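# Summary of the model geometry
The residues making up each chain are set out below.
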Amino acid sequence: MLPALVDLLPEGGLRRGSTVAVSGSTSLALALLAGPSQAGSWCAAVGLPSLGLVAAAEVGIALERFPLVARPGEEWPGVVAALVDAVDVVLVCLPRHVRNGDARRLVAKARDRGAVLVTTGGSIAADVRLSVASSTWEGLGRGHGLLRARRVDVVASGRGAAARERRLSLWLPSPGGGVEVFARSVVEGATDRANTAVG
Amino acid sequence: MTRTLVVWCPDWPVTAAGHSPDEPVAVLFANRVVACSAAARAGGVQRGLRRRQAEARCPGLQLAVHDPDGEARAFEPVVAAVEGFCPRLEIVRPGVCAVATRGPSRYFGGDDALAARVTQVVAHVGGRAGIADGPFAAELAARAGRVIPKGQTPAFLSTFSVDVLERPDLADLLHRLGIRTLGAFAALPPASVLARFGADGLCAHRLASGGDERPLAARIPPPELDVTAELDPPAERVETAVFAARGLAHRLCDELSARGLALSCLRVEAETEHGETLVRRWRLEGATPLALAERVRWQLDGWLSDAKPHGPTAGLTLLRLAPEEVLPDEGRQLGFWGGDRALDDRAARALLHVQGLLGPEAVTTAVPTGGRGPAEQVQLVPWGDAPSAVLGAEMSGNRTFLRQERREGPSPWPGRVPAPSPAVVHGNAIRAEVVGERGQPVKVSGRGDVSAEPTKLSVGGGPWTDIAAWAGPWLVDERWWDPDAHRRRARWQVVTVDGTAHLLAVEGGRWSVEATYD
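Conventions we followed
Residues numbered from 1 in each chain as written. Chains lettered and ligands numbered in written order. Predicted model: local features only at pLDDT ≥ 70, side-chain atom pairs only at ≥ 80, totals over all residues. Helix = DSSP H or I, 4+ residues; strand = E, 2+ residues; numbered from the N terminus. Buried ≥ 20, exposed ≤ 12 C-beta atoms within 10 Å, placed from the backbone. Contact = placed C-beta atoms within 7 Å. Core = buried A, V, L, I, M, F, W, Y, C linked by C-beta atoms within 7 Å. Pairing = 2+ DSSP bridges. Axes fitted to C-alpha atoms, helices over the stretch in contact; angles between N-to-C directions. Parallel < 35°, antiparallel > 145°, perpendicular 65-115°, else oblique. Left-handed = near helix turned anticlockwise from the far one by under 90°. Nonpolar A, V, L, I, M, F, W, Y, C, P; charged D, E, K, R; others polar. pLDDT = per-residue confidence, 0-100. Expected span 1.5 Å × (residues − 1).

Turning our eyes to something else, we now look at the overall build of chain A. Of the regular secondary structure elements, chain A holds five helices and nine strands. If you list the helices and strands of chain A from N to C, you get β-α-β-α-β-α-β-α-β-β-β-β-β-α. Within chain A, buried positions represent 48% of all 199 residues. At a minimum sequence separation of 6, the contacts of chain A that also span at least 24 residues come to 61%.

Given below as structure tokens:
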């Protein structure tokens with residue numbers, strides 16, 4: 001797990017067998033994969049034909065252990081099931097309509113095999129949901145400069161241990177590249193206080 | 001001790017790349033010379049030199065990229081010609097093949113007559129044939145173009161330097177011990193050699209004294225180890241057959257490893273719709289499924305892309321891999337720094353399964369290459385194919401590309417889009433429209449002058465959003481020397497008020513979203 005993301009997830013990392021739904025940012029999903037990939041695990045991406053692989057390499061994913069199935073078509077549940085069997089982290093872009101049975105089977109299979117399912121798009125009964133509340137780019141002016149860094153506010157919610165809502169401001173990416181914590185605040189209920197704390 | 005004939009084609013990578021030995025040519029891999037032509041050697045080029053050193057020694061040196069697949073393919077007609085009068089031929093590596101002479105030399109009236117005939121058919125590629133006791137001595141004899149009479153092999157070998165053993169560490173040590181020739185090395189008692197240099201040293205000693213490296217326990221395995229795949233519909237294209245072959249290679253390796261055996265000689269057989277049977281043998285050491293599949297791919301490539309006289313006349317209907325010789329498996333060395341081989345194998349099997357579901361091209365891996373745009377900096381390669389082969393094809397014959405370090409990351413590529421890179425790269429760029437303050441379209445002139453400051457953006461015909469910040473245009477004029485691939489465009493980075501950042505491009509007056517910083 002990248003150190004910056006430790007506070008975002010209930011157990012300080014991706015728990016084997018869990019499902020994480022990411023919405024609002026592909027970079028955030030890639031950052032989740034970076035930690036396991038650097039530690040030598042295999043990751044895979046299914047259904048993301050327009051994934052920026054240079055960005056994946058920049059965030060720290062080892063491309064030689066990152067096979068891609070860009071267009072699985074109708075076969076996607078079978079493909080994901082096959083990959084969950086052998087790969088530690090599978091990043092899936094769900095189609096707009098997911099049959100309940102398919103989703104349940106995949107979540108159950110991931111739990112059974114001890115793999116982590118990271119999903120974008122679609123909806124699935126995830127253990128943890130990460131969504132990007134706001135994002136601000138820095139470095140670009142009116143007619144000058146270039147994109148250098150981005151501040152994102154991430155909200156984590158979910159069920160079980162993740163039921164308590166967590167908010168975290170991240171540099172994604174930070175001015176020096178990589179992912180860093182901008183400011184942190186773990187909030188129970190009161191969002192207003194969090195905003196003042198961050199601001 | 002088997003009498004062996006070896007056909008040796010000097011500097012095969014050079015010949016296979018289509019150059020004559022009179023041109024100064026060097027074949028490069030990873031910036032090092034792996035082979036060079038006779039003319040280049042006369043100019044001082046040696047194997048192992050860096051490209052710059054080689055160019056400094058031999059001005060006017062032409063460079064070619066090492067392409068094992070192409071070399072194997074080009075060797076196929078030579079093998080077919082030699083096989084015309086010697087059955088049971090083994091390919092040692094592209095450029096060298098070996099055959100046991102016992103039958104053929106009786107038929108053709110002696111070793112000399114056989115060698116003369118073989119030399120005649122391989123003369124057009126500069127090949128030479130030599131006969132001696134055992135393949136090692138025979139290869140040296142082939143280099144000299146000689147036939148060593150029976151029993152005189154040790155005497156023939158004794159004058160060679162210990163460097164020909166192809167064991168650089170051992171050779172270096174022997175030189176320092178004052179043992180410079182194979183004769184001197186062979187004179188040492190085997191027991192002392194084993195005590196001082198280990199099992200590999202003893203193997204080298206056996207070679208030096210004219211013995212054979214591997215009569216150890218090689219035996220023809222029982223036939224049930226053959227693996228066969230029926231191809232229906234028949235495979236006309238190499239890829240289809242190779243895909244089946246990869247599965248076979250995995251099955252064969254599993255079969256063998258379950259019995260504790262390792263492969264040392266593989267027979268590849270194929271049958272066509274018209275009932276033709278094609279058979280070839282490959283010698284290989286320490287066969288992994290990947291190495292096995294690679295040999296089969298070379299062979300199928302050679303057959304299916306061959307000109308008509310040798311090649312099959314119809315698609316392949318059957319493919320069979322048979323272990324010709326096996327040895328007891330002595331175990332596999334695991335990586336010193338750990339690394340979970342079982343995990344890698346498991347992932348490989350799952351990916352093979354997905355390839356079975358969707359077709360071989362559906363599973364890809366990304367290989368970093370040089371380029372300016374975010375889409376050009378990686379290349380997608382079907383999983384399981386050697387990335388170097390793709391790079392080699394991309395770079396063939398182009399000196400500018402050769403200068404690029406292949407593994408160490410890309411060269412500067414002036415004008416490339418700087419990091420951080422966009423996380424979403426649209427394969428088919430999305431149409432966009434950008435207008436200025438008074439609603440007039442923003443235009444970029446050939447010199448990079450902008451007609452108006454961009455203020456509003458519409459993506460794919462969607463609603464207009466205000467632009468909060470922007471930079472550009474960054475002009476890119478790529479491949480102007482190639483009329484088909486020539487592209488001129490201007491790139492912009494744009495952040496809209498809702499916080500989304502895009503990489504836009506203008507080409508021929510049309511705006512598009514090339515990538516999104518998602």
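There's more to say after this.
What follows covers the nonpolar core. In terms of nonpolar packing, the biggest core is built from 104 residues, with Leu83, Val87, Val90 and Leu91 of chain A touching the most fellow members. Setting aside its immediate chain neighbours within four residues, Leu83 of chain A contacts Ala44, Val46 and Val90 of chain A together with Ala350 and Val354 of chain B. In terms of nonpolar packing, the next biggest core, distinct from the first, is built from 96 residues, Ala39, Ala141, Leu165 and Leu316 of chain B among them.

Before going further, it helps to examine the sheet that holds strand E19 (residues 510–517) of chain B. Adjacent strands of a sheet form backbone hydrogen bonds with each other and so pair up, either parallel or antiparallel. Residues and elements named next belong to chain B. Read around the closed barrel, the six strands follow the order E14-E15-E16-E17-E18-E19; overall the barrel is antiparallel. Across the sheet, the mean angle from the axis of one strand to that of its neighbour is 45 degrees, orientation sign disregarded. With six bridges joining them, strand E17 (residues 487–496) and strand E18 (residues 501–507) adopt antiparallel strand pairing. Each residue of the ladder has a partner; that of Trp492, found in E18, is Leu504.

Right, let's talk about the packing of helix H12 (residues 238–258) of chain B against helix H13 (residues 289–304) of chain B for a bit. Residue and element names in this part refer to chain B. Two elements in contact, H12 and H13, have axes whose closest approach is 9 Å; the angle formed by their N-to-C orientations is 150 degrees. Here H12 lies roughly antiparallel to H13, going by the angle between them. The crossing of H12 and H13 is right-handed. Only Pro289, Leu292, Ala293, Val296, Arg297, Leu300, Asp301 and Leu304 of H13 make contact with H12, whose side of the interface consists of Val238, Ala241, Val242, Ala245, Arg246, Ala249, His250, Leu252 and Cys253. Class assignment for the residues of the contact of H12 with H13 results in 13 nonpolar, one polar and three charged.

Turning our attention to the packing of helix H4 (residues 68–83) of chain B against helix H6 (residues 111–122) of chain B. Residue and element names in this part refer to chain B. In contact at an axis separation of 9 Å, H4 and H6 are set at 150 degrees when each is read in the N-to-C sense. Viewed along their axes, H4 and H6 adopt a mutual orientation that is roughly antiparallel. You can see that H4 and H6 cross each other, and the crossing is right-handed. Residues Val78, Ala81 and Val82 of H4 lie in contact with H6, whose contacting residues are Val118, Val121 and Val122. Of the residues assigned to the contact of H4 with H6, the class counts are six nonpolar, no polar and no charged.

Here the bond from Leu172 of chain A into Pro173 of chain A is cis, since omega is 0 degrees, no more than 30 degrees from zero. Relative to the elements of secondary structure, Pro173 of chain A occurs in the loop between strand E8 (166–171) and strand E9 (180–185). A cis geometry characterises the amide bond from Gly472 of chain B onward to Pro473 of chain B, with omega recorded as -5 degrees. Topologically, Pro473 of chain B is positioned in strand E16 (residues 464–478). Even without a glycine there, the phi angle at Asn31 of chain B is positive, about 70 degrees. As for its position among the elements, Asn31 of chain B is in the loop between strand E2 (25–29) and strand E3 (32–36). Positive phi outside glycine occurs at Glu166 of chain B, with the angle close to 60 degrees.

Now for the interface of chain A and chain B. Interface extent is often summarised as the accessible area lost during association of the parts. Contact residues are listed per partner, giving 43 residues for chain A and 41 residues for chain B. Residue assignment for the side of chain A that touches chain B shows that the elements contributing at least two residues are helix H1 (26–38), helix H2 (53–59), strand E3 (68–69), helix H3 (76–86), strand E6 (128–140) and strand E7 (145–158) of chain A. For the side of chain A that touches chain B, the element with the highest residue contribution is H3 of chain A, accounting for six residues. Looking at the side of chain A that touches chain B residue by residue, the class counts come to 24 nonpolar, 14 polar and five charged. Two strands pair when backbone bridges link them, and E3 of chain A and strand E12 (residues 363–368) of chain B are joined in this way by two bridges, in the antiparallel orientation. By the bridge assignment, Leu68 of chain A is partnered in E12 of chain B with Thr364 of chain B.

For the rest of this paragraph, the subject is the sheet that holds E3 of chain B. Residue and element names in this part refer to chain B. Spatial ordering of the open sheet is given by E3-E2-E4, a layout of three strands whose pairing is mixed. One side of each edge strand has no neighbouring strand; the edge strands of this open sheet are E3 and strand E4 (62–65). Each adjacent strand pair in this sheet contributes to an overall mean axis angle of 40 degrees, direction not counted.

Attention now goes to the pairing of strand E14 (residues 424–435) of chain B. All names here are of chain B. Relative to E19, E14 runs antiparallel, the two sharing five bridges. By the bridge assignment, Val424 is partnered in E19 with Thr516. Pairing geometry for E14 and strand E15 (residues 456–459), over four bridges, is antiparallel. The partner of Glu433 across the bridge, within E15, is Ser458.

Pairing between E12 of chain B and strand E13 (residues 378–382) of chain B: five bridges, direction antiparallel. Across the sheet, Ala366 of chain B pairs through a bridge with Leu380 of chain B, a residue of E13 of chain B.

Before going further, it helps to spend a moment on the confidence of the model for chain B. Residues and elements named next belong to chain B. Chain-level statistics for chain B give a pLDDT mean of 82 and a share of 87% at 70 or above. Ignoring residues within four places in sequence, the model shows residues 331–335, a span with pLDDT below 50, making one contact including any to other chains. When the criterion is pLDDT under 50, residues 386–409 qualifies, and its contacts beyond four places in sequence or with other chains add up to 25 contacts. Scoring the predicted complex yields pTM 0.55 and, for the interface, ipTM 0.88.

Here we come to the confidence of the model for chain A. Residue and element names in this part refer to chain A. With 91% of its residues at a pLDDT of 70 or more, chain A shows a mean pLDDT of 85. Per-residue pLDDT, averaged within each element of chain A, yields its smallest value for helix H5 (residues 191–198) (40) and its largest for strand E2 (residues 43–46) (94). Taken as a whole, residues 185–199 scores under 50 in pLDDT and shows 13 contacts with residues more than four places along the chain or in a different chain.

Okay, the environment of Leu182 of chain B next. Residue and element names in this part refer to chain B. With respect to the helices and strands, Leu182 occurs in helix H10 (residues 182–186). Between the C-alpha atoms of Leu182 and Ser158, which are 24 residues apart in sequence, the distance is 4.9 Å. Not counting residues within four places of it along the chain, the set of residues in contact with Leu182 comprises Leu157, Ser158, Phe160, Val162 and Ala208.

All names here are of chain B. Extensive coverage of helix H7 (residues 135–144) is indicated by the burial of seven of its 10 residues. The set of residues buried in H7 consists of Pro135, Phe136, Ala137, Ala138, Leu140, Ala141 and Ala142. Buried-residue contacts for H7 involve strand E1 (3–8), strand E6 (96–100), strand E7 (128–133), helix H8 (153–157) and helix H11 (190–208). Positioned one or two residues after H7, Gly145 has a phi angle of 65 degrees, which is positive.

We now examine H6 of chain B. Compared with the 16 Å implied by 1.5 Å per residue over 12 residues, the 17 Å span of H6 of chain B between its first and last C-alpha is a close match. Of the surrounding elements, those touching the buried residues of H6 of chain B are E1, H4, helix H5 (102–108) and E7 of chain B.

Before going further, it helps to examine the environment of Cys203 of chain B. All names here are of chain B. Structurally, the position occupied by Cys203 is in helix H11. Residue Cys203 is classed as buried on the basis of its C-beta count, with 21 C-beta atoms lying within 10 Å. Along the sequence, Cys203 and Pro190 sit 13 residues apart, while their C-alpha atoms lie 9.8 Å from each other.

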